[in-house]
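Here are the chains, one letter per residue:
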Amino acid sequence: MQLARTRVTRASMVPVGGVALAIIRVAARLSAAIRGDTRPKGELPTTIAKDSERNRRVLAKLRRLKQPYEVVSGLENGHVETIFAAFFRSQPDVKYHRDLILCTTDGGCVALDWPVEASNENEKWAWDDLPDDAPVVVLFPGLTGGSGDSYVKHMVLSCRKYGMRAVVFNSRATADSPVTTPQFYSASFTGDAKDVMLHVHSKYPNALLFAAGWSLGANILVRYLGEVGNDTPLRAAISLCNPFDLTLSDRNFQKGFNRIYDYKLGRTLSRMFKKHMHLFDGMEGQGFKPHIASNSYTIRDFDEAVTRVSFGFDSVDEYYEWSGSCHMIPKVQIPLLCVQAADDPIAPAHAIPYDELRCNDNCILVVTPNGGHLGWISGETAPFGAPWTDSLCTDFLNCMKEELVQL
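Quick caveat, the model's predicted, so the values are computed rather than measured.

Participant: In this structure, what is going on with the overall build of the protein chain? I would like to understand it.
Facilitator: Each helix and strand in the protein chain was counted, giving 13 helices and 12 strands. When burial is assessed residue by residue, the protein chain has 59% of its 407 residues classed as buried. Excluding contacts between residues fewer than 6 apart, the proportion of contacts in the protein chain whose partners are at least 24 apart in sequence is 78%. A total of about 16,700 Å² of accessible surface is found on the protein chain, and carbon and sulfur atoms cover 54% of it.

Participant: What am I meant to see in helix α8 (residues 258–274) here?
Facilitator: In an α-helix, one turn spans 3.6 residues; hence positions three or four apart end up facing the same way. With 17 residues, α8 extends 25 Å between its outermost C-alpha atoms, agreeing within 8% with the 24 Å of an ideal straight helix rising 1.5 Å per residue. Within α8 the residues assigned to the buried category are Asn258, Tyr261, Asp262, Leu265, Gly266, Arg267, Thr268, Leu269, Ser270, Met272 and Phe273. In this fold, the buried residues of α8 make contact with α3 (78–88), α7 (246–253), α9 (290–293) and α10 (299–310).

Participant: Sorry, what's going on with the packing of helix α5 (residues 191–203) against helix α6 (residues 216–228) here?
Facilitator: Describing two packed helices takes the angle between their axes plus the distance from one axis to the other. Taken N-terminus to C-terminus, the directions of α5 and α6 make an angle of 80 degrees; their axes are 10 Å apart at the nearest point. It follows that α5 is roughly perpendicular to α6 by the angle criterion. Between α5, through Ala193, Lys194 and Met197, and α6, the contact on the second element is made entirely by Tyr224, Glu227 and Val228. Residue classes in the contact of α5 with α6 are distributed as 4 nonpolar, no polar and 2 charged.

Participant: How do you make sense of the side chain of Ser325 when you look at a structure like this?
Facilitator: Structurally, Ser325 can be placed in the loop between α11 (316–323) and β11 (336–341). For Ser325, a relative accessible area of 0% puts it in the buried group.

Criteria and thresholds
Residues numbered from 1 in each chain as written. Predicted model: local features only at pLDDT ≥ 70, side-chain atom pairs only at ≥ 80, totals over all residues. Heavy atoms only, no water. Helix = DSSP H or I, 4+ residues; strand = E, 2+ residues; numbered from the N terminus. Buried < 20%, exposed > 50% of the residue type's maximum accessible area, 1.4 Å probe, protein only. Contact = heavy atoms within 4.5 Å. Areas by Shrake-Rupley, 256 points an atom, 1.4 Å probe, with all protein chains shown as cover. Expected span 1.5 Å × (residues − 1). Axes fitted to C-alpha atoms, helices over the stretch in contact; angles between N-to-C directions. Parallel < 35°, antiparallel > 145°, perpendicular 65-115°, else oblique. Nonpolar A, V, L, I, M, F, W, Y, C, P; charged D, E, K, R; others polar.

Here's what the structure looks like:
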């Protein structure tokens, strides 16, 4: 899931972000003084994994997990970190080549964005010099996210720095991708993901294929892994800020400040739908409610009007109950790293399937004490640079590459 982001130039972003951060820090210090807050400045991330020889080898190579997660002063609150990252994280300049693929199940179309060149601060990157057997990482953005979002662009660059080729899987209607049939996407629809994996694998048959997803994209990715088992070209995957249980996530959206996120995401879905509303003309008799979808103020409103009808659910509650990726964790058959933040306001910690992850020796769970949703403003590049998770993810994928080469 992804907040709408105001576009600002890099020249104006850092000064404005710096002022905002200074104000946040002062307010946070006053609040901490009033509360008598004596929490430690940094805590080690919590790691949960079944004891196995492979997991011990992998965990030993993940440098981030050996260091405290240092919270940037003033951003200790999950809401503050979420909002700060959405508005003030830097935007690398990444240029893409768009690859449109036909999804044969319904004639729909999906957009894959392959990076061609990029620059960030004083660094410039190109992809044409990567060998054909360089690992490929398929990226699944959040609910309304796509290849233009800052956290996605940073991961694209992080992969390139380690000799990996990222490609962004934009769900239908996101990132201005075309919609050719009266069907968008859902938290549990994996048909497009299956077509994407086969397409990417056919394009680079000699490359190791990995995947990483954020938020709803993570939920879709994990559901895909559970459905296909070993019958996939993927060799390892990463799930970040996954809501896991959509029933709990829906309830969480209806509490306090979380209603603001729900409203922003609902309105973004509504705007996306309006661009393609003509495809739903005359379909009211089939249960669709296009006029409600085009005026949605919550995710639930939109899912009731369009999503649950498109995918054959009798109610939105049935859709949420069935679509959570928590049900698929026991069926995951390839290495999966799951990274969550304890203070995530959108993917709450109480929705994490701890027992299921602990029992599957293919899974490793990392929970950071802070991070918000799509935030993780910590580490050497904080507060405006790449998320703390980027280096953890690239370390994990490099480790997987080493493991697979030795087989």
